[in-house]
Amino acid sequence: MSENLPDPAMRRSISIAMAGSGGAGVMTAGNLLLEAAAHAGYYGLMTRSSGPQIRGGEAAAMLRIASHPIEGPDDRFDALIAIDWLNITRFAAEIPLDAASLLIGDPAHGDAPEALRKTGARTVPVEFKKIAKSIPGGWPNMVALGLAAELAGIPRAGLEAAIGKSMKKGGDARKASLAAAQAGRAEAAALGPWPRLAPPEGARDARWLVTGNQAAGYGAIRGGVRFVAAYPITPATELLEWMAPALAKVGGALVQAEDELASINMILGASYGGVPSLTATSGPGLSLMSEALGLGVAAEIPIVVVDVMRTGPSTGIATKTEQADLNIALYGLHGDAPHLVLAPNSVADCVLTTQWAVHLAESLQVPAIVLSDQAFGQARAVLERPADVSFATRRKIAESEAPDYKRYALTGSGVSPMAIPGTRGTTYTADGLEHSERGTPSSQASDHLAQLDKRRRKLEAIDYGEYWADVEGEGELAVVTFGSCTGPVREAFARARADGLAARLVSLRLLAPVQPERMVKALAGVRRVLVVEQNHGAQLLRYLRAEYPIEAELSSFHRPGPLPVRPDEIHQQLLQWSRA
Amino acid sequence: MTAMPAVAITPQTFKSDVKPVWCPGCGDYTVLSAITKALAMLELAPENVAIVSGIGCSSRIPAYTTCYGFHGVHGRALPAATGLKVARPELTVIVAGGDGDGYSIGGNHFLHACRRNVDLTYIVMDNRVYGMTKGQPSPTTEPDWDSKLAPEGTGLREFHPLVIALASGANFIARTFSGDPNGTAKLIVQAIRNPGFSFIEVLSPCVTFRPEQRGWKQLVRPSPVEPTDDPARAARRLMTDDGFNLGVLYVGNRKPYQPAKAPSAKPADLEREFAL
Amino acid sequence: MKQAYAMELEAAERYADFADQMEIANNREVAQLFRKLAGIEGKHARQILAQMGWKRAPLGVQPLRWEGLEGVETGEHLELHYLMKPFHALSIALKNEERAARFFAHVARQDLPGAVRDAAAEMAGEEREHVRWVKQWIARVPQPGTDWDRDPDPPNVND
């Protein structure tokens, strides 16, 4: 892990978890730690976990802080800082520890549970409660924050900037928090020598602190979305909440709907009116939206639906991630209903992919489903500012008084100009019923075939360009994946290179319509393909087998959520496979 | 929004040449005629009017006009119309459908559309039956009406849409009868002019599955009282209403919902919030 | 007289609407009959125009409602049936004409300026003529049998 660093005792990434219950304020501390790292120039990623209680439950903030851009979690945690041990074992599987880890807890709360001790981690007592009490207005979580910051090697200035910014109204509360944090930092000194984070490698100025949900919302607005219908659902709600004021600022509107059936139909209505529109939901909501998505396909109305995937099926585990909505995204509409399915492959990529989805939906007059997930949506990241991208084409609009206007005219490209209400001489009725070129309902076989061909032709006729997938690296071995597995795969590749193993990555951004020719090209010279995905049913593997003429030997690494996929899992798979 | 017509605007301006599928005698014919009359009276241009519907006999109506039409899925006309109107407030948006589409599968959206009070005019052609699917009870069907799906009747108290509309916040509530095309046309004009969510229930007989509804001619009457703007008084009237009082029954003064849309920033400005 | 004009015009428009509905239902015979009636009412309307010497039709006059919700001479939608026979269509016409005759007779008896009463009396006479003429027409068409509305096929489903 320490490559070519000036001081072999330094490292490029450190992972720290903080846990506590009953109002301990672990999330607050975690966020401040991330912000401190951000102010100090580092990159980072924070995810959260909690018990089911609405209040007072156990919570864990899991951070990775790095001197270089990162896209996913590491294999293990260097430290678990527990303000108390109450019910902490629920997080044991999410916070892997080993003999090199520190298990830091308050002796006032007793010993660490056996499940954590048996990892071999070095137990370190720190009296958070007592220390906090000794500082007027001090809280244990701030002590823990200071300790964590020192462990991570975040300079004092960064920590103070973060605390100061979050407590602007400040005064005594700010002073007390700073003092408590300082006391925590002092505790870390007592731990002895500890590998520090290397200095940050990137350009300080061009970084963002952002969640995947925010990034997707921003991408949507950049793409031109100006109407959103919102129904809250974990873990997509924050995307909608971010968009409410953002849309208002750019002259758009957000309406809260009474259910997902309403939100999907609202955006169809708004888009029919000429305004690019979007909604965001998760698996259960997407199921409800199936019928109206089909209406969008049949009536050729562009919309974007962001599915922030969570563990399924049914209500599943709302606060955890999984990649198991591929099937419903691809196949969930009744009838033959070709449409777009895309998936961002990093938090930063949520901007580009959502923006691209809007562009494609508008150009092709078709619904687009964007498969984000909870691992992205609710992760808070410090990352390199994504490059600006712009897409030139827009919705093809019928001109006023167009002679003999036919809304669903059988054009060569399959895309027929769309009349926007308010335009004279081009009135028509958009219909889910099968229709003639004019849009009049028709049960004629010739019309049905002609319109089916049209709706498929328009998606197949265009050149999707370079964004269809990220294709990286060379080798006889390849990994095909999508979404949040991409980051761990990239990291696994970096490690495998150190072992002398070279592999190619194909991370699909455009999942539908299929791109068989491009895939053949991308896999030229590859003898074995490992398909990596986070679901129980190997959905991507089956899709690839069915739709892509892959000659190479196909193998699958797939497991369901809720635990994140980690680089070492992939690394081991690659090693195994390369030897076999 | 008034048009600058090159030709005079008449009801014929709004009639398309698509032939309705309805049975002769169907009440929906007069509603179509009343809508075209009303739009002509308001001197609107067809391109500035949108008619949004769901699924059912009544929902076929958009294609029979020369306005922009949206024939969506069953029960979801109101949200589609809401999205359209919020995105394009300058359009006149009319929502049309039947009692099954509007009060059963569309029931939830009905409540919230009344509540949200977006400037729409919702016309429900109520024939107390699911006509398109061949004669099942609807929420407004009488409890003892015999059908295949519910022999000897559902036994369920029927839905009272006007009461629900009032309780949910509709800003204009009226009832009319398809046997009164001119009265219906006038009512539609009033409803469109009234800001906010205007709800018109049209008693519209289904001559095929409920031929006895021809007898509604004898049962309807002009409402014996003037419209009120007092919700409590309206509530008392509507709770004792027998379903055959015609006319405007309630006119409220709630402000219509229309999110303000003057931009104050450019999209690129939004990223400042993320920038370190 | 403006009222009379509006009445005839609305009657004509309504018969034309009926004709359209009958055509869609493939009831050609009755469709043609309604077209004829529409034409006749239109002719009555033009006669009034000529008689009054009006260059242009009086606009914006709503026909009075009397004995019901519709115009005096306007047919009611609810009376239609897709299998109706000419007898039924003419019975509608007969009802309309009789109502019109009653209406003008009623106006002629009201306490109104003499010119109006005279005009009403004249119109009443005209309508009675129409009544006689429709009755003659009815006598010439076959009486419908008891199974005139028999359709062995059930109604259709579309959506």
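Residues numbered from 1 in each chain as written. Chains lettered and ligands numbered in written order. Predicted model: local features only at pLDDT ≥ 70, side-chain atom pairs only at ≥ 80, totals over all residues.

1. What to know about the overall build of chain B
Here is step 1 of the chain: Along the backbone of chain B there are 8 helices and 8 strands.
Here is step 2 of the chain: Its C-alpha atoms give chain B a radius of gyration of 19 Å, within 12% of the compact-globule value 19 Å for 276 residues.
Here is step 3 of the chain: Here the C-alpha coordinates of chain B stretch approximately 70 × 45 × 40 Å along the principal axes.
Here is step 4 of the chain: Relative to its full complement of 276 residues, chain B shows a buried share of 55%.
Here is step 5 of the chain: The long-range share in chain B, meaning contacts at least 24 apart out of those at least 6 apart in sequence, stands at 69%. (Helix = DSSP H or I, 4+ residues; strand = E, 2+ residues; numbered from the N terminus. Rg over C-alpha atoms; globule rule 2.2 N^0.38 Å. Buried ≥ 20, exposed ≤ 12 C-beta atoms within 10 Å, placed from the backbone. Contact = placed C-beta atoms within 7 Å.)

2. Some thoughts on the interface of chain A and chain B
Here is step 1 of the chain: Contact with chain A, which involves 49 residues of that partner, is made by 43 residues of chain B.
Here is step 2 of the chain: The class makeup of the residues in the side of chain A that touches chain B is 27 nonpolar, 14 polar and 8 charged.
Here is step 3 of the chain: Across 3 bridges, strand 15 (residues 429-431) of chain A lies against strand 2 (residues 68-71) of chain B in parallel orientation. The residue of strand 2 of chain B that forms the bridge with D431 of chain A is H71 of chain B. (Nonpolar A, V, L, I, M, F, W, Y, C, P; charged D, E, K, R; others polar. Pairing = 2+ DSSP bridges.)

3. Thoughts on the sheet that holds strand 19 (residues 510-512) of chain A
Here is step 1 of the chain: Here 7 strands make up an open sheet; going across it, the order is 9-8-10-11-13-12-19 (chain A) and the pairing mixed. The outermost strands of the open sheet, each flanked by one partner alone, are strand 9 (253-256) and strand 19 of chain A. In this sheet, adjacent strand axes meet at a mean angle of 25° when their direction is disregarded.
Here is step 2 of the chain: Two strands pair when backbone bridges link them, and strand 12 (residues 340-342) of chain A and strand 13 (residues 367-373) of chain A are joined in this way by 3 bridges, in the parallel orientation. Note on strand 13 of chain A: the bridge partner recorded for L342 of chain A is V370 of chain A.
Here is step 3 of the chain: Helix 12 (residues 349-364) of chain A rests against strand 11 (303-309), strand 12 and strand 13 of chain A of the sheet, and its axis sits at about 170° to strand 13 of chain A.
Here is step 4 of the chain: Against the sheet, helix 2 (residues 77-87) of chain B touches strand 8 (227-230), strand 9 and strand 10 (277-281) of chain A, its axis set at about 145° to strand 8 of chain A. (Axes fitted to C-alpha atoms, helices over the stretch in contact; angles between N-to-C directions.)

4. Some points on the interface of chain C and chain B
Here is step 1 of the chain: Across the boundary between the two partners, chain C contributes 17 residues, which contact 23 residues of chain B.
Here is step 2 of the chain: Among the residues making up the side of chain C that touches chain B, the classes are represented as 9 nonpolar, 5 polar and 3 charged.

5. Focus on the packing of helix 7 (residues 212-223) of chain A against helix 8 (residues 237-249) of chain A
Residues and elements named next belong to chain A.
Here is step 1 of the chain: For the pair helix 7 and helix 8, interaxial distance at closest approach is 8 Å and the crossing angle is 40°. In this view, helix 7 runs oblique relative to helix 8, as classed from their interaxial angle. Taken as a pair, helix 7 and helix 8 cross one another with a handedness that is right-handed. For the pair helix 7 and helix 8, the contacting residues are N213, Q214, A216, G217 and I221 in the first and E238, L239, W242, M243, A246 and L247 in the second.
Here is step 2 of the chain: For the contact of helix 7 with helix 8, the residue count by class is 7 nonpolar, 3 polar and 1 charged. (Parallel < 35°, antiparallel > 145°, perpendicular 65-115°, else oblique. Left-handed = near helix turned anticlockwise from the far one by under 90°.)

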